[in-house]
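Coordinate analysis (summary)
In case you want the letters, here they are:
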Amino acid sequence: MTVDEITRIFRENSALLEGHFILSSGLHSDRYIQCALVLQHPKIAEQLCSELAAKLRAAGATVVAAPALGGILVAHEVARALGIRALFTERQDGNMTLRRGFSLASGEPTLVVEDVMTTGLSTRETMKCIEEAGGNVVAAGALIDRSGGAVDLGVPRAALLTLSIQNYNPAECPLCKAGMAAVKPGSRSKAGVEKSRSRECS
Ligand SMILES: [Zn+2]
């Protein structure tokens, strides 16, 4: 698949929007990504994650791990494509932990994946959790890297789309200064005054 084809899939599913948005963090941005709208279609999820898996196959992992919730479907579909298992980490009292009886062999080569990488923080937390559980993180991946490729995780990494997306403090937002109304995605109100039920993925 080409970058244009992948971009089209995200746009057609309203998973990549352009405009003026209020993110769940409160920051403003000119683009908004909601991977769940793409991943709700299993065939598309399988297709996209198989593309990501192809970029990560050479790392030779025997397991894929992802932070819950956003990464779970990505880990599952990447693992399906590679014929290996998938597990997930989850936050407990603020710390990323491996629960539910999941375990890793000592030194087991592990991929860490996410739906969207913004700062790399949750990928780093997952990597640390996997290493503490005995695994060896050999590569990382995301469907979308919205850092413009700036994140350095210390391991090889891959993304289907690399975008450079600016976030702004509301007081300094150039879109606000231009008088453009801000939208809170997931809100029923275009003015974004109602409580949003959706979160940005990652
Ligand atoms: Zn703004």
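The structure we're discussing is the one just above.
What comes next is a walk through the structure. A quick note: this is a predicted structure, and the numbers were derived from the prediction, not measured.

1. Considerations on the coordination of the zinc ion
- Of the protein atoms, only H20 (NE2), H28 (ND1), C173 (SG) and C176 (SG) coordinate the zinc ion, at distances of 2.0 to 2.4 Å.
- Along the chain, the residues donating to the zinc ion fall in the pattern H-x7-H-x144-C-x2-C. Taken together, the positions of H28 in strand β2 (residues 28–33) and C176 in helix α6 (residues 174–177) put the pair 148 residues apart, joining distant regions of the chain.
- For H28, a relative accessible area of 7% translates into the label buried.

2. A word on the packing of helix α3 (residues 42–56) against helix α4 (residues 72–82)
- Following both chains from N to C, one finds α3 and α4 inclined at 65°, their axes separated by 8 Å at the closest point. Between α3 and α4, the angle is such that the two are roughly perpendicular. In the packing of α3 onto α4, the handedness of the crossing is right-handed. Along the contact surface, α3 presents A45, E46, C49, S50, L52 and A53, while α4 presents V74, E77, V78, R80, A81 and L82.
- Of the residues in the contact of α3 with α4, the class split is eight nonpolar, one polar and three charged.

3. Description of α3
- Spanning 15 residues, α3 covers 20 Å between terminal C-alpha atoms, matching the ideal 21 Å at 1.5 Å per step.
- The set of residues buried in α3 consists of A45, L48, C49, L52, A53 and L56. When α3 is viewed along its axis, its buried side chains cluster within an angular range of 145° and face the same direction. In this structure, α3 carries K43 and A54 as exposed residues pointing more than 90 degrees from its buried face.
- Contacts from the buried residues of α3 go to α1 (3–12), α2 (36–39), α4, β6 (109–117), β7 (136–145) and β8 (157–162).

4. A closer look at the sheet that holds strand β9 (residues 167–168)
- As summarised here, the arrangement of the three strands in space is β1-β2-β9, forming an open sheet in which the pairing is antiparallel. Across the chains shown, the open sheet's two edge strands, defined by having one partner strand only, are β1 (16–22) and β9.
- Both β2 and β9 contribute to a ladder of two bridges, which runs antiparallel. From the neighbouring strand, S29 faces β9, where its bridge partner is N167.

5. Let's talk about the sheet that holds β7
- On the basis of which strands lie adjacent, the open sheet formed by six strands has the order β5-β4-β3-β6-β7-β8 and mixed pairing. The sheet is open, and its two edges are formed by β5 (95–97) and β8, each paired on a single side. Geometrically, the sheet is characterised by an average inter-axis angle of 25° between neighbouring strands, direction not taken into account.
- The pairing of strand β4 (residues 85–92) with β5 spans three bridges and is antiparallel. Looking across to β5, one finds that R91 is bridged to M96.
- Strands in contact with α1 are β7 and β8; relative to β8, the strand with the most contacts, it is inclined by about 65°.
- The strands that helix α5 (residues 121–132) touches are β3 (63–67), β4, β5, β6 and β7; relative to β6, the one it contacts most, it runs at about 160°.

Definitions and cut-offs
- Residues numbered from 1 in each chain as written.
- Predicted model: local features only at pLDDT ≥ 70, side-chain atom pairs only at ≥ 80, totals over all residues.
- Heavy atoms only, no water.
- Donors = N, O, S within 2.8 Å, 3.2 Å for Na, K, Ca; no water.
- Helix = DSSP H or I, 4+ residues; strand = E, 2+ residues; numbered from the N terminus.
- Buried < 20%, exposed > 50% of the residue type's maximum accessible area, 1.4 Å probe, protein only.
- Axes fitted to C-alpha atoms, helices over the stretch in contact; angles between N-to-C directions.
- Parallel < 35°, antiparallel > 145°, perpendicular 65-115°, else oblique.
- Left-handed = near helix turned anticlockwise from the far one by under 90°.
- Contact = heavy atoms within 4.5 Å.
- Nonpolar A, V, L, I, M, F, W, Y, C, P; charged D, E, K, R; others polar.
- Expected span 1.5 Å × (residues − 1).
- Arc of directions from axis to C-beta.
- Pairing = 2+ DSSP bridges.

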